[in-house]
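These are the residues of each chain, in order.
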Amino acid sequence: MVFYGLLLMLFLSGSKNQEIDETTYQIVNTMTPIGSVGPCLNGTMWEIEVPSNNEKVIVSDDAFGGKNITISDETFTGKILISNQADFDNYKNKTFQPGDQILFKRGETFVGMFAPLGSGTEAAPIIIEPYGIGERPIIDNQGVFHNYPDIAAKESTGQNWSAFKNGKISAGVFLHNASYWEVNGLEITNTDGEDNEYDIYGILYYANQENQYKHIYVNDCYVRDCGKVSWDPEPTTYGSIKMSGGIWAVLGTLAGTNSVLDGWRVTNNRVERVAGVGMANQSDAVAFFINRRPISNPKNLWKDTYYGDNTTHTTGRNAIVVRVSENPIVEYNRVINSSMSETGNSIYNFNTVNCLVQYNEVSGNDSGGKGERGAFDADYYAINTIIQYNYSHGNEYFCAIMKKPIIGVTIRYNISINDHSGVINYGFNNADRDANGNYRDDQTGKILEDVKVYNNTHYFSTSVPHDIQLFVSKSRPLNSDYNNNIYYYAGGAAWSDGGIDLERRGFFTDFERNVYVGIPPHVTDGTAQTTDPNFIAPGQEPSDIDLHTMDELRNYRLMSTSPYLDGAIEIENNGGKNILGEAVDPNRYGAF
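A quick note: this is a predicted structure, and the numbers were derived from the prediction, not measured.

S.K.: How would you sum up the overall build of the protein chain? Please name residues and give values.
M.R.: Regarding its fold elements, the protein chain presents 5 helices and 45 strands. Counting across all 592 residues of the protein chain, residues that qualify as buried make up 58%. Restricting the contact set of the protein chain to residue pairs at least 6 apart, pairs at least 24 apart contribute 74%. Of the roughly 22,300 Å² of accessible surface on the protein chain, a fraction of 45% belongs to carbon and sulfur atoms.

Next comes the structure, spelled out in structure tokens:
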């Protein structure tokens, strides 16, 4: 139904009084605008109800003032309002057009999976967001799986996505083979209240057709209670719930053959109590290494992969996983209590080139000295990973480095406080042995190359409950250089395996000019320092810090009387600034 030639008059005063032909239309929000959801004269949008068919449209201030306007039966300037379950059911599988704005009413709960179709354009993305006054609109899928036989047909081989292979999808919001979508401001939950932990998602993007996909943005959403999180410090299974979680993007088997996603941006979201991984992206399309050597031109790397200013709290597996991406950035994220059901490091990158992990706070990934539960992880099939300006506390350890094909890992200007087992875990520890179990003492063991660890501060108070080491889990370093780090163990500590030189030394690894308090210097460090560094006021373990300033960590700066304000090795290409954003003093030890 379309109304033509209707003259609507609105007189805007300081008290927002309005006059309108109420025989035809009724103002729903008399005193309060529903929010600025599009460009208009005064930045104010009003919801108007059409009594004849109970459909809703939006008009803006500039639509009034004596102008003739045309109102369609469903939209005004491309805006679709979803205000009740009937609206949701009507639109949940519809095809939308570039520039459409799909607006969910605040304070309402919608049951089911919202799985719209269509794509926007660069100039006119399709936008999902709330309208009205009150709490976020909630989409509750209740753990239900929905049939997608087309996906089952195309996922018969390849991926380990069991639900996808069976043509079953369970998510609150599901975008399929789409480009140019933005999902903003929703609350998503997806659980049946039982023990189901597998293949359950909050927001899922999935593609299984070859294409160059672009611009999938998820911002300011609250994703909670997707599957069930069960605490298990010693899991008997591994990986079973890794393919579930909060906010995910996946390129499936056929799409992966020649496809990328350019623009996967996840920002300002909160994910909590999800059975699997908090947020992640995945594709099987990329091959970086053949016979442990990198190929010259890896294909199908995703572009503009970004995770920023998010919070994850209580996840069954990892918190943030970035894969198959060129120049991805993971920054300003807060991670609390990850890997509650199965072991896993909180933030890791895999199959990446030039991955940057910075300004993140990670805490609570701890199992009482059992399992792989570190804050960060430079995982394998990666080239040039940088982990810098991060804060780790109360985890099993600070960072893992995998002894599998990796070229270039830089770990610098980070601080850890009271990680319970130690500092570094070299994963796949026996990868430096030959087929007979003998240590490789030549370059045939050089599967992990060019690791630089410098200017980090690691502090352990006497309250740390476990036996602490520098290299945890009896791991041995490989092809690594350690410089200008401060290791402070107030209660004392040991090396990886009872002080055996081979275990402590590792292979092709050198320590130079590091500070050791409460632990003997590394056997290769001929310039080791053992005097107290004189921190300003150590001992506290701040949490929920301002990640854009890191100011709460200033008590771990060096006093003016510290012996370590000079004498450090000057490092080339050191990033130019320390953890507080100050210009680097190349002569100082530690993260500040």
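After presenting the structure, the write-up continues.
S.K.: Explain the environment of N281 to me, and be specific about the residues and the numbers.
M.R.: Examined against the element boundaries, N281 turns out to sit in strand β22 (residues 277–283). The class of N281 is buried, set by a relative accessible area of 0%. For N281 and V321, which are 40 residues apart along the polypeptide, the C-alpha to C-alpha distance reads 6.8 Å. Once residues lying within four places of it in the same chain are set aside, the contact partners of N281 are A249, W264, W302, T305, Y307, V321, V322, R323, V324 and S325. Looking at N281, its side chain comes within polar contact range of the main-chain oxygen of R323, at 2.7 Å.

S.K.: How would you explain the confidence of the model for the protein chain if you had to name every residue and give the values?
M.R.: Scored by pLDDT, the protein chain comes out at a mean of 81, with 74% of its residues at no less than 70. Note that pLDDT drops below 50 for residues 1–77; the model gives that stretch 161 contacts with residues more than four away or on any other chain. Predicted confidence for residues 156–160 stays below pLDDT 50, and this span has 9 contacts to residues more than four positions away or in other chains.

S.K.: So what's going on with the nonpolar core? Residues and values would help.
M.R.: Membership of the largest hydrophobic core comes to 105 residues, with the highest contact counts inside it found for F104, F114, F174, Y205 and W264. When residues no more than four places from it in sequence are discounted, the contact partners of F104 are I82, F88, F110, F114, I128, E129, P130, Y131, P137, I139 and L186. The next biggest cluster of nonpolar side chains, apart from the first, holds 30 residues, and it includes Y459, I486, A568 and F592.

S.K.: Outline the pairing of strand β39 (residues 422–427), supporting the account with residue identities and numerical values.
M.R.: With 6 of 6 residues buried, β39 lies mostly within the body of the structure. Inspection of the sheet shows strand β36 (residues 397–402) paired to β39 by 5 bridges, in the parallel sense. Bridging from a neighbouring strand, C399 pairs with I424 of β39.

S.K.: Go over the pattern of salt bridges, please, and point to the residues and values.
M.R.: What the rule picks out here adds up to 17 salt bridges. A salt bridge links R224 to D225; its shortest N-O distance comes to 2.9 Å. Per residue, the accessibility class of R224 equals that of D225, and both read buried. The partner of R317 in a salt bridge is E342, with the nearest N and O atoms 3.1 Å apart. Note that R317 is positioned in the loop between β26 (311–315) and β27 (320–326) and E342 in the loop between β29 (334–336) and β30 (347–353), a separation of 25 residues in sequence. Here the salt bridges do not stand alone but share partners, grouping E187, R224, D225, R270, E272 and R273 into one network.

S.K.: Explain the side chain of S346 to me, and be specific about the residues and the numbers.
M.R.: Examined against the element boundaries, S346 turns out to sit in the loop between β29 and β30. With sequence-adjacent residues up to four places away left out, S346 is seen in contact with N318, A319, I320, V335, S338, V362, N365, G374 and A375.

S.K.: Quick one: what's the story with the pairing of strand β14 (residues 181–184), residue by residue and with numbers?
M.R.: The alternating pattern of β14 places W181 and V183 on one face and E182 and N184 on the opposite face, and all of these are buried. Across 4 bridges, β14 lies against strand β17 (residues 212–219) in parallel orientation. Paired with V183 across the bridge in β17 is V218.

S.K.: Explain the packing of aromatic side chains to me, using residue names and the numbers behind them.
M.R.: Considering all chains together, one arrives at 32 aromatic pairs under this definition. Ring centres 5.8 Å apart and planes at 15 degrees place the aromatic pair F88 and F110 in the stacked group. Here the residue F88 occupies a position in helix α1 (residues 85–91), and F110 occupies one in strand β8 (residues 109–111), the gap between them amounting to 22 residues. Assigned by exposure class, F88 and F110 land together as buried. Pairwise contacts between aromatic rings join F88, Y91, F96, F104, F110, F114 and W181 into one cluster. Geometry around Y380 places K404 over its ring, the cationic atom sitting 4.9 Å from the centre. The ring of F428 is capped by K404, whose NZ or CZ atom sits 4.2 Å from the centre of that ring.

S.K.: Quick rundown of the environment of V357? Include the residues and the values.
M.R.: Take V357: it is sitting in strand β31 (residues 356–358). Counting along the chain gives 24 residues from V357 to N333, while the straight-line C-alpha distance between them is 9.7 Å. Leaving out residues up to four positions away in the same chain, V357 has contacts with V330, I347, F376, I386, I387, Q388 and N390.

S.K.: An account of the side chain of S461 is requested, with residue identities and associated values reported.
M.R.: In this structure, S461 sits in the loop between β41 (457–460) and β42 (480–483). Judged by relative accessible area, which is 11%, S461 ranks as buried. Among the polar contacts made by the side chain of S461, one reaches the side chain of S463 at a distance of 2.6 Å. Dropping the residues within four chain positions of it, S461 is found in contact with N418 and A490.

S.K.: Please give an account of unusual backbone geometry that cites residues and values.
M.R.: Phi is positive for Y332, which is not a glycine, with a value near 60 degrees. Mapped onto the elements of the fold, Y332 is located in the loop between β28 (329–331) and β29. We classify Y332 as buried; its relative accessible area is 18%.

S.K.: Tell me what's going on with the environment of N574, and back it up with residues and numbers.
M.R.: Tracing the backbone through its elements, the reader meets N574 in the segment after β45 (515–517). With a relative accessible area of 15%, N574 lands in the buried category. Put simply, N574 and V584 are 10 residues apart on the chain and 8.0 Å apart in space, counted from C-alpha to C-alpha. Within the structure, N574 has its side chain in polar contact with the backbone oxygen of I571 (distance 3.4 Å). From its side chain, N574 meets the backbone nitrogen of G576 in a polar contact 2.9 Å long.

Thresholds, definitions, all that
Residues numbered from 1 in each chain as written. Predicted model: local features only at pLDDT ≥ 70, side-chain atom pairs only at ≥ 80, totals over all residues. Heavy atoms only, no water. Helix = DSSP H or I, 4+ residues; strand = E, 2+ residues; numbered from the N terminus. Buried < 20%, exposed > 50% of the residue type's maximum accessible area, 1.4 Å probe, protein only. Contact = heavy atoms within 4.5 Å. Areas by Shrake-Rupley, 256 points an atom, 1.4 Å probe, with all protein chains shown as cover. Polar contact = N/O pair within 3.5 Å; in protein donor to acceptor, adjacent residues only side chain to side chain. pLDDT = per-residue confidence, 0-100. Core = buried A, V, L, I, M, F, W, Y, C linked by side-chain atoms within 4.5 Å. Pairing = 2+ DSSP bridges. Salt bridge = Lys/Arg side-chain N within 4 Å of Asp/Glu carboxyl O. Phe/Tyr/Trp six-rings, centres within 6.5 Å; stacked < 30°, edge-to-face > 60°. Lys NZ or Arg CZ within 6 Å of the ring centre and 35° of its normal.

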